[in-house]
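Topology and contacts: notes
Residue strings, one per chain:
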Amino acid sequence: MDRERHYMQLPNSEQLNIAGLSRIFDNKSECYKLFWFQAVLSHVCRGKTEITFEELIDEMIADAWYMVTEYHLNLGPRDTLEKAVNYISSVTVMLPSVKKQEILDWLKNCQDPAVLRFKRDLTLNVPFRLQAPFLNGFKTDSWKCGSGELAFRINQQERLIYYFDTFSGLNTVIRVVPEWAEYLKENQEILRGWIQYNMILYLQRRNPSVPGISDKLYPPQERKLEKVKKYWKLLSELAPVHEIYGESLLTPDNISIDHFVPWSYVAHDEFWNLHPTTKNINSSKSNHLPAWDLYFPRFAEIEYQSYRMIWEYEQVQDAFRKCAREHLNNPEIEHRLYRQGLDAVKFKEQLQDVIYPVYLSAKTCGFSSWKFSQD
């Protein structure tokens, strides 16, 4: 518990109640808060600040799909989210590895009374309880009222992440405060890692005999990195490329893509966190953090080599653009790191500004440091 609380040091803001945010996952006996906040974050990062209950519940179901249908992870003692996933799996032909958008499309058009009942049940508590650390003067009796009245009471509070508009069952809308929306987007990488970390801790407690929980949350990622692998293969054909751990020369035949900050923490494949190494070294590194002082300078150097070649070779720029469509999802970071005209010093400073807070958060939550050994 001490390590959990120590980790809950999120990026500060003078305007916002970050202390309240850091406690939203305290005292959770079920998984709903984790999936609800993750859904809110996903929608905000896609540019939406007015979101219906149903849109958020659909996102929760889609996010839980793989871990429940493929590995039958237990989400809680009487978990409605798990029951909803299992029911939908039983009445459809969707596979565990189905794309998330297909699940969302199915849910959007579904009129199955049982599914709608699951959705309504999932809205009974979590939309209100998530913000409990923000609520002043709320006592046990304050929660004992209907959902509409509860939404009204919560709306009287100040400095919340979101407020309730047009309260109407699954069509109820939450309105994310603009300052909070900006904070969530600016710090999305750290927040996703924070959610992932808390999700893993929660699921480990619920599934004590299941090894490798972090590898069972989402479908395997390697095939999604094919464009990135092709990109680095192209670079290795145009100029010498040395991987950062053993400093060996890479060839198109021995390239494997590594997440500098482990995927099991960040749960994304953003381009600025990816670099080439060999399969053996990638396997050896596993879910460890590279020793920062030793490896970040090398990482920054190979990333700057990539950046220079984007603007020197038309075929590299074309390959980069193909990668960017899938692996650069934050326009601000794309502008900071990949706009034309950056010198080596400026590029490396910008890269450090982007990646070090994420690295530090992973380190704080217990990811161990690693150095490559030839043995």
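Residues numbered from 1 in each chain as written. Predicted model: local features only at pLDDT ≥ 70, side-chain atom pairs only at ≥ 80, totals over all residues. Heavy atoms only, no water.

Some points on the packing of helix H4 (residues 53–69) against helix H6 (residues 100–109)
In the contact formed by H4 and H6, the axes pass within 9 Å of each other and the chain directions differ by 140°. With respect to H6, the element H4 is oriented oblique. In this structure, H4 crosses over H6, and the sense of that crossing is right-handed. On H6, the residues touching Asp58, Glu59, Ile61, Ala62, Asp63 and Trp65 of H4 are Lys100, Ile103, Leu104, Leu107 and Lys108. (Axes fitted to C-alpha atoms, helices over the stretch in contact; angles between N-to-C directions. Helix = DSSP H or I, 4+ residues; strand = E, 2+ residues; numbered from the N terminus. Parallel < 35°, antiparallel > 145°, perpendicular 65-115°, else oblique. Left-handed = near helix turned anticlockwise from the far one by under 90°. Contact = heavy atoms within 4.5 Å.)

Thoughts on the pattern of salt bridges
One pass over the full model with this rule turns up 16 salt bridges. When the shortest N-O distance is used, the salt bridge between Lys119 and Glu54 registers 2.9 Å. Within this pair, whereas Lys119 is found in helix H7 (residues 113–122), its partner Glu54 is found in helix H4, the two being separated by 65 residues in sequence. Each of the two residues, Lys119 as well as Glu54, counts as buried. Taking the shortest distance from any N to any O, the salt bridge between Lys100 and Asp63 comes out at 2.7 Å. Here the residue Lys100 occupies a position in helix H6, and Asp63 occupies one in helix H4, the gap between them amounting to 37 residues. Looking at Asp63, the relative accessible area reads 7%, which means it is buried. One network of salt bridges, in which partners are shared, links Arg46, Glu59, Asp63 and Lys100. (Salt bridge = Lys/Arg side-chain N within 4 Å of Asp/Glu carboxyl O. Buried < 20%, exposed > 50% of the residue type's maximum accessible area, 1.4 Å probe, protein only.)

Remarks on helix H10 (residues 178–186)
When H10 is considered as a whole, its buried residues turn out to be Trp180, Ala181, Tyr183 and Leu184. Along H10, the residues classed as buried sweep out an arc of 165° about the axis, all on the same side. In this structure, the buried side of H10 is in contact with helix H2 (18–21), helix H3 (32–45), strand E3 (173–176) and helix H11 (188–206). (Arc of directions from axis to C-beta.)

Description of the nonpolar core
Ranked by size, the top nonpolar core spans 76 residues in total, and within it Leu21, Trp36, Phe37, Leu81 and Trp180 carry the most contacts. Not counting the four nearest positions on each side in its chain, Trp36 is found in contact with Phe53, Leu56, Ile57, Met60, Val126, Pro127, Leu130 and Tyr162. With 55 residues, the next largest nonpolar core counts Leu201, Leu225, Trp232 and Phe296 among its residues. (Core = buried A, V, L, I, M, F, W, Y, C linked by side-chain atoms within 4.5 Å.)

Side note on the packing of aromatic side chains
Throughout the structure, instances matching the rule amount to 36 aromatic pairs. Ring-pair connections join several aromatic residues into one group, and the members of that group are Trp36, Phe53, Phe128, Tyr162, Phe164 and Phe167. The positively charged end of Arg129 is found above the aromatic ring belonging to Trp143, 4.1 Å away from the centroid. A cation over an aromatic ring shows up here: Lys216 above the ring of Tyr71, its NZ or CZ 5.1 Å from the ring centre. (Phe/Tyr/Trp six-rings, centres within 6.5 Å; stacked < 30°, edge-to-face > 60°. Lys NZ or Arg CZ within 6 Å of the ring centre and 35° of its normal.)

What about unusual backbone geometry?
The backbone phi angle of Asn27 is positive, close to 55°, even though this residue is not glycine. One can find Asn27 in the loop between H2 and H3. Assessed through its relative accessible area of 77%, Asn27 is described here as exposed. A positive phi angle, near 65°, is found at Arg159, a position not held by glycine. Note on placement: Arg159 falls in the loop between helix H9 (147–155) and strand E2 (162–165).

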